[in-house]
Amino acid sequence: MKRFFTGFAIAFITILSAVQAKAQFGVSDISRLRNYESERSSSYDRAGGNDDSYVLKAGGSLTLFDETGPAEIRHIWITIDSPEAYHLKKIVLRMYWDGEKTPSVEVPIGDFFGLGLGNYTVFHSALLVVAPDKALNAYFPMPFAHSGRIVVTNEGEKDAGDFYFNIDWVKLQSLPADSAYFHAQYRQCTPCKGWYHGNFYGNNFHEAHEDPRWKNVSGEGNYKFLQAQGDGQFIGVTLSILQNQWGGWNEGDEMMWVDGEKDPRIHGTGGEDYFNGAWGFTNLFSFPLTGLTAFDGWEAGSRFSHYRWHLEAPVRFHKSFTASIEDGHANLRSDNMFSVAYWYQTEPHGEFPALPPVELRIPKMIFVGGPGQDPNMK
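Please read these numbers as outputs of a predicted model, since none were measured by experiment.

Undergrad: Can you help me understand the sheet that holds strand 16 (residues 254–258) in this one?
TA: Each strand in a sheet pairs with another by means of backbone hydrogen bonds, the pair being arranged parallel or else antiparallel. Reading across the sheet, the four strands line up as 14-22-16-17 and stay open at both edges, with antiparallel pairing between neighbours. Looking at the sheet topology across the chains shown, the edges are occupied by strand 14 (223–229) and strand 17 (266–267). Where strand 16 and strand 17 come together, two bridges link them in antiparallel fashion. Bridged to Met256 within strand 17 is Ile266.

Undergrad: So what exactly am I meant to see when it comes to the state of the cysteines here?
TA: One way to say it: the disulfide is the covalent bond shared by the sulfur atoms of two cysteines. Considering all chains together, one arrives at one disulfide under this definition. The residue that forms a disulfide with Cys189 is Cys192, at a sulfur-sulfur distance of 1.8 Å.

Undergrad: What is the right way to read the packing of aromatic side chains from this model?
TA: Two measures describe an aromatic ring pair: the distance that separates the ring centres and the angle between the ring planes. This structure, assessed with the given rule, holds 27 aromatic pairs. Residues Phe140 and Trp309 carry aromatic rings whose centres are separated by 5.7 Å and whose planes lie at 80° to one another, so their mutual orientation is edge-to-face. Of the two residues, Phe140 sits in the loop between strand 9 (135–138) and strand 10 (142–144) while Trp309 sits in strand 20 (residues 303–309), which places them 169 residues apart along the sequence. Judged by its relative accessible area of 1%, Phe140 is buried. For Trp309, a relative accessible area of 0% puts it in the buried group. Lying over the aromatic face of Tyr44, Arg46 brings its terminal NZ or CZ to 4.0 Å of the ring centre.

Undergrad: Can you help me understand the confidence of the model for the chain in this one?
TA: Low pLDDT marks regions whose predicted coordinates should not be analysed in detail. Of the residues in the chain, 92% reach a pLDDT of 70 or more, and the chain-wide mean stands at 91. Confidence drops under a pLDDT of 50 for residues 1–23, and excluding neighbours within four residues, the segment shows twelve contacts in the predicted structure.

Undergrad: Looking at this model, I keep getting lost on the pairing of strand 8 (residues 128–131). Mind explaining?
TA: Working note: regular strand, side chains alternate between the two faces of the sheet. Where strand 7 (residues 123–124) meets strand 8, two bridges bridge the pair, whose relative direction is antiparallel. The partner of Phe123 across the bridge, within strand 8, is Val130. Bridge count for strand 8 against strand 9 is four bridges, and the pairing is antiparallel. Bridge pairing links Val129 to Asn137 in strand 9. Where strand 8 folds back onto strand 9 in an antiparallel hairpin, the turn is made up of three residues, including Lys134, whose phi is positive at roughly 60°.

Undergrad: Could you clarify how one ought to interpret the nonpolar core in this entry?
TA: Within soluble globular proteins, side chains that are nonpolar generally end up buried alongside one another. With 54 residues, the main nonpolar core has Phe112, Phe140 and Phe182 as its most contacted residues. Apart from the residues lying within four places of it in its own chain, the contact partners of Phe182 are Met95, Trp97, Ser104, Val105, Phe112, Phe140, Pro141, Met142, Tyr342, Trp343 and Tyr344. Ile241, Trp249, Met256 and Phe352 belong to the second largest nonpolar core, which has 29 residues in total.

Cut-offs applied
Residues numbered from 1 in each chain as written. Predicted model: local features only at pLDDT ≥ 70, side-chain atom pairs only at ≥ 80, totals over all residues. Heavy atoms only, no water. Pairing = 2+ DSSP bridges. Helix = DSSP H or I, 4+ residues; strand = E, 2+ residues; numbered from the N terminus. Disulfide = S-S within 2.5 Å. Phe/Tyr/Trp six-rings, centres within 6.5 Å; stacked < 30°, edge-to-face > 60°. Buried < 20%, exposed > 50% of the residue type's maximum accessible area, 1.4 Å probe, protein only. Lys NZ or Arg CZ within 6 Å of the ring centre and 35° of its normal. pLDDT = per-residue confidence, 0-100. Contact = heavy atoms within 4.5 Å. Core = buried A, V, L, I, M, F, W, Y, C linked by side-chain atoms within 4.5 Å.

Next up, the structure:
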């Protein structure tokens with residue numbers, strides 16, 4: 001028992017150290033006085049009452065943060081009371097650094113906080129926390145040299161009558177010379193363009209083996225959750241999936257290309273492996289660097305949500321970076337995928353894909369044929 005506990009303690013300390021290597025503070029140096037001014041931007045009632053929220057009107061916007069630097073945001077807390085169905089998919093969060101014209105963050109607010117299926121779940125990770133009830137927290141350090149601005153826009157049809165927020169930040173004397181800017185980008189495929197609609201009940205892919213597309217060496221057809229240009233490092237992804245077919249999306253490999261190299265620098269072994277699980281999924285889990293926060297089976301209509309933080313070794317790139325994953329082995333499936341990629345880089349950043357319209361962001365099953373949908377299949 002002692003040997004087991006010692007091994008567990010060492011493993012836990014290793015994980016904790018990996019997290020604290022990029023954390024904003026560690027227990028070992030919490031007694032050291034910091035050289036910054038503590039600040040907060042908040043929705044509190046300026047009149048001294050208890051009306052501590054704003055109204056985010058349908059079609060309207062709110063500026064949550066508009067400050068000058070050098071500074072760094074350390075924590076964002078938001079909670080929303082809205083009668084709008086799927087308001088987490090319909091309210092868009094944007095962040096701008098140093099007067100840039102296009103945002104470095106442009107994401108539906110739920111997806112930003114790891115809720116890519118549009119409903120609330122509770123989980124705890126090193127960088128994102130969703131606490132009871134409907135409390136959205138982000139702990140990404142967000143430095144800026146001259147100015148930082150955060151805006152939310154309601155693309156729904158109903159007012160969010162109670163929009164609360166606290167943004168904790170620090171005013172600095174200067175930024176370290178190697179500071180990079182925080183970025184987050186939303187993407188989706190609804191559905192992904194799978195090529196196989198035969199019988200893969202029971203993971204029987206005999207017919208698919210005859211197709212030359214079964215061997216995906218190039219990554220053609222992969223779901224790309226990030227294509228970035230510049231000098232930076234990839235720190236992680238949240239990925240949510242609504243399956244259109246029976247079986248599991250998770251046989252797909254992750255592939256990442258660095259600086260325009262022909263072959264992927266990083267090539268993994270499967271979806272659950274990338275999210276640090278194994279042998280498929282059976283239970284929800286929520287750890288500092290990885291988690292499965294939604295899972296309800298393998299039928300058509302099943303839902304998955306995951307996160308993976310590369311705090312132990314952010315993926316470094318100097319010119320360009322592409323991160324992708326297959327939907328099922330060699331992209332034979334046709335599921336719905338929703339993702340947010342998170343990274344840091346120097347500016348300027350590359351062009352973001354256009355944000356899909358509201359009606360296309362709502363998770364819903366789509367008829368694509370194949371197992372779970374084809375009435376001729378038993």
